[in-house]
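Survey of secondary and tertiary structure
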Amino acid sequence: DLSHWYCACERVFDPEEGRDAEWWPNLVQQISQRCHYIHARLGWAQGPQMADPSAPECRAERERQVEVWKVLLSSMQNREASCCCYLSPEYGPPPYMPVLPNSQQPVASLPDAVSYTKKLLEGILDN
């Protein structure tokens, strides 16, 4: 679950950016050789999950994470051609899901976040 890495480091790593370009692509390749399961939750620089991963303001961070999933899935498929790829578009309820002050109502729909990410994953697997 790389979403916690992004939160702990307060940024979603960008393989095109100077400081990340030096180490992130190599690390993703190393991880891909050992990956057998993807906990497909889209994180952001300030939290382990996006409330609404379909939001336009999430596009750049979402796309970077999808590219990592593609590398991981490709490696899993190459290593285990006769096997399945295991992945889960799992998001958590509050306190993982941000809530509104006072009412403690979720700021977005948990089922919608899961459904959106599931469709992203299906699109990757269909290609």
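A brief report on the enclosed structure follows.

Conventions we followed
- Residues numbered from 1 in each chain as written.
- Predicted model: local features only at pLDDT ≥ 70, side-chain atom pairs only at ≥ 80, totals over all residues.
- Heavy atoms only, no water.
- Helix = DSSP H or I, 4+ residues; strand = E, 2+ residues; numbered from the N terminus.
- Rg over C-alpha atoms; globule rule 2.2 N^0.38 Å.
- Buried < 20%, exposed > 50% of the residue type's maximum accessible area, 1.4 Å probe, protein only.
- Areas by Shrake-Rupley, 256 points an atom, 1.4 Å probe, with all protein chains shown as cover.
- Lys, Arg positive; Asp, Glu negative; His and termini not counted.
- Charge placed at Lys NZ, Arg CZ, Asp CG, Glu CD.
- Expected span 1.5 Å × (residues − 1).
- Arc of directions from axis to C-beta.
- Contact = heavy atoms within 4.5 Å.
- Polar contact = N/O pair within 3.5 Å; in protein donor to acceptor, adjacent residues only side chain to side chain.
- Axes fitted to C-alpha atoms, helices over the stretch in contact; angles between N-to-C directions.
- Parallel < 35°, antiparallel > 145°, perpendicular 65-115°, else oblique.
- Left-handed = near helix turned anticlockwise from the far one by under 90°.
- Nonpolar A, V, L, I, M, F, W, Y, C, P; charged D, E, K, R; others polar.

Points about the overall build of the protein
On a plain count of helices and strands, the protein comes out with five helices and two strands. The secondary structure elements of the protein, listed N-terminal to C-terminal, are α-α-α-β-α-β-α. In terms of overall size, the protein behaves like a compact globule, its C-alpha atoms giving a radius of gyration of 15 Å where 127 residues would be expected to give roughly 14 Å. If you line up the protein on its principal axes, its C-alpha atoms span 50 × 35 × 20 Å. Buried residues in the protein amount to 35% of all 127 residues. Total accessible area on the protein is roughly 7400 Å²; 53% of this is exposed by carbon and sulfur atoms. Between the centroid of the 11 positive side chains of the protein and the centroid of its 17 negative side chains there is a distance of 2 Å.

A closer look at helix H5 (residues 110-126)
In a regular helix each residue adds 1.5 Å, so 17 residues correspond to 24 Å; H5 covers 24 Å between its end C-alpha atoms and thus fits that length. Every buried residue of H5 is accounted for by Ala 113, Thr 117, Leu 121 and Ile 124. Each buried residue of H5 lies within a common arc of 65° when the element is viewed along its axis, so the set occupies one face. Away from the buried face of H5 by more than 90 degrees, exposed residues Pro 111, Asp 112, Lys 119 and Asp 126 are located. Along its buried surface, H5 packs onto helix H4 (59-79) and strand S2 (86-88). A side-chain oxygen of the first residue of H5 lies 3.1 Å from the backbone nitrogen of Asp 112; this N-cap is Ser 109.

Regarding the packing of H4 against H5
In the contact formed by H4 and H5, the axes pass within 11 Å of each other and the chain directions differ by 50°. Considering their axes alone, H4 and H5 lie oblique with respect to each other. Handedness of the H4/H5 crossing: right-handed. Here Arg 62, Val 66, Trp 69, Lys 70, Leu 73 and Gln 77 of H4 come into contact with H5, specifically with Tyr 116, Thr 117, Leu 120, Leu 121, Ile 124 and Leu 125. Of the residues belonging to the contact of H4 with H5, the class tally is eight nonpolar, two polar and two charged.

Remarks on the packing of helix H3 (residues 24-32) against H4
At a closest axis distance of 9 Å, the pairing of H3 and H4 adopts a crossing angle of 35°. Seen from above, H3 lies across H4 with right-handed handedness. On H4, the residues that touch Trp 24, Val 28, Gln 29, Ile 31 and Ser 32 of H3 are Val 68, Val 71, Leu 72, Ser 75 and Arg 79. Here the contact of H3 with H4 is built from residues that sort into six nonpolar, three polar and one charged.

Some words on the environment of Pro 25
Its place among the elements puts Pro 25 in helix H3. A relative accessible area of 34% means that Pro 25 is categorised as partly exposed. When sequence neighbours within four positions are dropped, the list of residues in contact with Pro 25 reads Pro 15 and Asp 20.

Nothing here speaks to function; it is all geometry.
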